[in-house]
Every structure is written in structure tokens, then in C-alpha cells.
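As a plain string of letters, each chain reads:
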Amino acid sequence: MRAAPLPPTILALTTACHGTGPEITVSTEVVTVATATWGDDGTASRVRVDGPEGAWVATDWQEPNPEGHESLILGLYPDEAWAAFVETASGASLTGVDFRTGPLPTDFPSWRTTGQPGWEGYWTTSLLANSSWPVILDEAGRVVWYREVSGSGRVLRARLRGDGGGVRYALSQLTDEDQSPTLDAVSFEGTLDDRLDAPYFTHDFVEKSDDLFGMIVKDAREVEGSDVPVIGNRLIELAADGSERTVWSTWDHWDPAVGDFVEEDGTWTHGNALDYDAERDVYSVGFRGVDAIVEVDNGSGEALRQVGGPTSSYAELPKSDRQLGQHQFQWIDGGILMFDNHTEETGSRVLALGLDDESDIATPLCAMAHD
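Residues numbered from 1 in each chain as written. Predicted model: local features only at pLDDT ≥ 70, side-chain atom pairs only at ≥ 80, totals over all residues. Heavy atoms only, no water.

**Quick word on the overall build of the protein**
Phase 1 of the analysis: A count of helical and extended segments in the protein gives one helix and 26 strands.
Phase 2 of the analysis: Projected onto its principal axes, the C-alpha coordinates of the protein cover approximately 75 × 45 × 40 Å.
Phase 3 of the analysis: Here the analysis covers contacts within the protein between residues at least 6 apart in sequence; of these, 47% occur between residues at least 24 apart.
Phase 4 of the analysis: Here the protein displays about 18200 Å² of accessible surface, and carbon together with sulfur accounts for 48% of that area.
Phase 5 of the analysis: The centroid of the 24 positive side-chain charges in the protein is displaced by 3 Å from the centroid of its 64 negative side-chain charges. (Helix = DSSP H or I, 4+ residues; strand = E, 2+ residues; numbered from the N terminus. Contact = heavy atoms within 4.5 Å. Areas by Shrake-Rupley, 256 points an atom, 1.4 Å probe, with all protein chains shown as cover. Lys, Arg positive; Asp, Glu negative; His and termini not counted. Charge placed at Lys NZ, Arg CZ, Asp CG, Glu CD.)

Okay, here's the thing in C-alpha cells:
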């Protein structure tokens, strides 16, 4: 299946140097990324790349510039033959240039996929192996971008940068307590452009702007009767200058004694998923440890509604129908879709719930598990 063209914000176009073009340079850091340079003949032009399945990707049109043009080419597969052409607005196609992307690093994780994809597009995520790898995959699970992050840290969340210049990922430090987690911004060519310390970060963040981030952080407190600190969560906004503002805290919403959710090591709410609705200025936060997803008003810090867990906004469902240990989620029309660990007997699944805010009833729509 042909991949959908990457949007203009991902192609990250710039105008730069001369070239009789196109000239193609494949990145040595990220072998699926190439740079195209080409000359100018006084008309609008772009570069089109063809692959084994025909026309594949094309840059945005660039207006005439006597200094020539330069553009990143993304969406390519590793270790594959390609051909690049300069196209002009008049419809002319100039001489093509053959090039080849490099092979993936030898220690890159491998997997196999089966079946046919039911969607078209790209997916930004991370792989955890001997090293961590923020990656971009196409709908068939093929790698089109990657970066190795070696050391003790793990990349638990990766997202496209808001400026269209690459990927931002959260690096959690697991073995060195003196080293703070960080938010790292890398270019598509693989260079580290920015690093922001993110103390006590855990699992997920959203980028509200270039210099403001919403994120889940740990919040450990002494609790009477517990031999270890109990670890709840805060939802905060962290600015690029290091200042932070607490939006909401699990300690103001639940009592750790309710429902026996505290584990032996003190882990309690285990916040692991975050989303932000800019139009409503509302955060949605998922807490695996208490089986709950909460909507929080960013301005007032008020919990607007809760799906699952203690103090749910909806009548409790039978155990077989409700979420247990959920991860990432997505609001859908009239309900919510989530990845749910559920129980060892049933295994992980995709769960969809319909939500009726008038009757306060949640209705299971579907549950899909691997067979």
C-alpha cells in the first residue's frame, strides 16, 4: 500500500544553496533521511521521489530563487533504491538521479508484521531494547525515521515537534537518581537541538508551544501507616526556563487508602497517559494504578469528569467490561477508546466505551483482543 505523503510541516522546507540538481545526500545519522538540492530556472519547482512502487513523496513547490533550493526528503525506507526528479510548474520533468538509502544499524530491533493495514499514515512511537529508539513507522510497521538513544535512560514517549523540525521525546532516567529526566528535541537529521530538564517526569507529556509543556510528574508523600512514601502524581505545566505550575494533583482528588490501590513499593496512581484539548483548554490524564481517566480544566484545576476508578462519573461496570490498567486513550464521538491491560486471564485489549453524561452510564461498545 502506498504511504500517504508527509504533511508540509514534516518536510521542513528551506531555501539554500546552488545546484544543477537534483543532488541527493543521504544522512549518515538517519539513513532514511535525504537532502535534495537543485538549481533554479526561473519557475516554481519541487523534487519528486519515485520508489519501487512508483511515485512516492514530493516536496512542496518552491518559488523561483536564483540561489537555488534545498529540501529534506522524508518518508523513505532503509536500504532501498530511489530516483529523484526536479519538476517545474510548467509540467517539465528533468533528468532523474538514482540514490539509495542506507541499512539500519545492526543493533536496531527487528520484528515482523502480518495482514493488511486498514489505514494510511505515520505513527510516532518508541522502541525499548538494549537502547531506546524514538521512531516513525508507516501504516505497515516499516521504519521511515529513527534515532538511537543509548545509556541508562528509556524513551517512554515521543511526539512530532510543533515546529515541524523533528521529534521531541521524553527520556526517563532509571538507574541514576542524580540525573533528571529530560525532554529532548532532535532534528529529522538526528542532531540534538534542545534539552530541557524535567524533574520527576513520568511517562507522558504534550507540547503546548515551543516553550511550554504539559506533563505528568511523580508526587511522593509520607502517609501514616505506610513504611514507604506513597507515590501519587501531579499534572504540571513546565516552561522552557524551568519554572512550573501545578494544574492538578491526585492527592487533592483521591485518598490512597480508598480501594487498596497502593503497591508494596508505594506506587499508587501510576499516571501514564496525557492528552490536551486546546480548544477547551482541558487536559485528559490516565492513571493505570487506579484504572481511571480524568478530564481536568487547565484554568481552574477542576476535575470535570472521570471514567473508571474510584469516584467515577459513571455507574460501575462489571469487571469484564471496565478498564483495568489502561494505557493510552483517545476520545471518540460519544465515548472513549483505550488500550487496556485488563487481566492476566484475558490479556491486553482495545476497549471502547460509550459515555452518556445525562444518565451517567458507561456502555461497552467493543473489546478487541489478539486471538
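**Some thoughts on the packing of aromatic side chains**
Phase 1 of the analysis: Counted by the stated rule, this structure contains 14 aromatic pairs.
Phase 2 of the analysis: Here W133 and Y146 contribute two aromatic rings whose centre-to-centre distance is 6.3 Å and whose plane-to-plane angle is 50°, an arrangement assigned as tilted. Taken as a pair, W133 in strand β9 (residues 132-138) and Y146 in strand β10 (residues 143-146) lie far apart in primary sequence, 13 residues in all. Exposure class is identical for W133 and Y146. Each is buried.
Phase 3 of the analysis: One aromatic cluster in this structure is built from F108, W111, W133 and Y146.
Phase 4 of the analysis: Lying over the aromatic face of F205, R159 brings its terminal NZ or CZ to 5.9 Å of the ring centre. (Phe/Tyr/Trp six-rings, centres within 6.5 Å; stacked < 30°, edge-to-face > 60°. Buried < 20%, exposed > 50% of the residue type's maximum accessible area, 1.4 Å probe, protein only. Lys NZ or Arg CZ within 6 Å of the ring centre and 35° of its normal.)

**Comments concerning the pattern of salt bridges**
Phase 1 of the analysis: Summed over all chains, the structure comprises 23 salt bridges.
Phase 2 of the analysis: With a closest N to O distance of 3.0 Å, R234 and E244 form a salt bridge. Here E244 lies in strand β18 (residues 244-249) and R234 lies in strand β17 (residues 230-239), a separation of 10 residues in the sequence.
Phase 3 of the analysis: For E244, a relative accessible area of 38% gives the class partly exposed.
Phase 4 of the analysis: Of the charged contacts in the structure, one is a salt bridge between R280 and D277, with a shortest N-O distance of 3.9 Å.
Phase 5 of the analysis: Given a relative accessible area of 42%, R280 falls into the partly exposed group.
Phase 6 of the analysis: Judged by relative accessible area, D277 falls into the partly exposed class, the value being 28%. (Salt bridge = Lys/Arg side-chain N within 4 Å of Asp/Glu carboxyl O.)

**Quick notes on the sheet that holds strand β26 (residues 361-369)**
Phase 1 of the analysis: Taken in spatial order, the four strands make up an open sheet running β23-β24-β25-β26, and their pairing is antiparallel. Every interior strand has two partners, whereas the edge strands, β23 (326-332) and β26, have only one. Recorded for the sheet is a direction-independent mean angle of 20° between the axes of neighbouring strands.
Phase 2 of the analysis: With eight bridges joining them, strand β25 (residues 349-356) and β26 adopt antiparallel strand pairing. (Pairing = 2+ DSSP bridges. Axes fitted to C-alpha atoms, helices over the stretch in contact; angles between N-to-C directions.)

**Details of the confidence of the model for the protein**
Phase 1 of the analysis: Predicted confidence across the protein gives a mean pLDDT of 89, with 92% of residues reaching 70 or more.
Phase 2 of the analysis: Note that residues 1-19 has pLDDT below 50 and, in this model, 61 contacts with residues that lie over four places away or in other chains. (pLDDT = per-residue confidence, 0-100.)

**Section: the sheet that holds strand β1 (residues 23-26)**
Hydrogen bonds between backbone groups are what pair the strands of a sheet, and the pairing can be parallel or antiparallel.
Phase 1 of the analysis: Here three strands make up an open sheet; going across it, the order is β1-β2-β5 and the pairing antiparallel. Either end of the sheet is taken by a strand with one partner, and the two such strands are β1 and β5 (69-73). Direction aside, neighbouring strands of the sheet carry axes that sit 20° apart on average.
Phase 2 of the analysis: Here β1 runs beside strand β2 (residues 34-38); their pairing, made up of four bridges, is antiparallel. Note on β2: the bridge partner recorded for T25 is T35.

**Remarks on the environment of A92**
Phase 1 of the analysis: Relative to the assigned elements, A92 resides in the loop between β6 (81-88) and β7 (97-100).
Phase 2 of the analysis: Remark: the alpha-carbon pair of A92 and S45, spanning 47 residues in sequence, is separated by 9.5 Å.

**Quick word on unusual backbone geometry**
Phase 1 of the analysis: Look at D79: it is not a glycine, yet its phi comes out positive at around 50°.
Phase 2 of the analysis: Residue position: D79 is located in the loop between β5 and β6.
Phase 3 of the analysis: Given the relative accessible area of 41%, D79 is considered partly exposed.
Phase 4 of the analysis: Backbone geometry places D291, a non-glycine residue, at a positive phi of 55°.
Phase 5 of the analysis: With respect to the element layout, D291 can be found in the loop between β20 (282-287) and β21 (292-297).

**A few points about the nonpolar core**
Phase 1 of the analysis: With 38 residues, the main nonpolar core has V47, V49, I73, L76, F99, W145 and Y146 as its most contacted residues.
Phase 2 of the analysis: Aside from chain neighbours lying at most four places away, what touches V49 is A55, W56, V57, I73, L76, W82, A83, A84 and F99.
Phase 3 of the analysis: In this structure, W254, A292, V294 and V296 belong to the second largest nonpolar core, which totals 17 residues. (Core = buried A, V, L, I, M, F, W, Y, C linked by side-chain atoms within 4.5 Å.)

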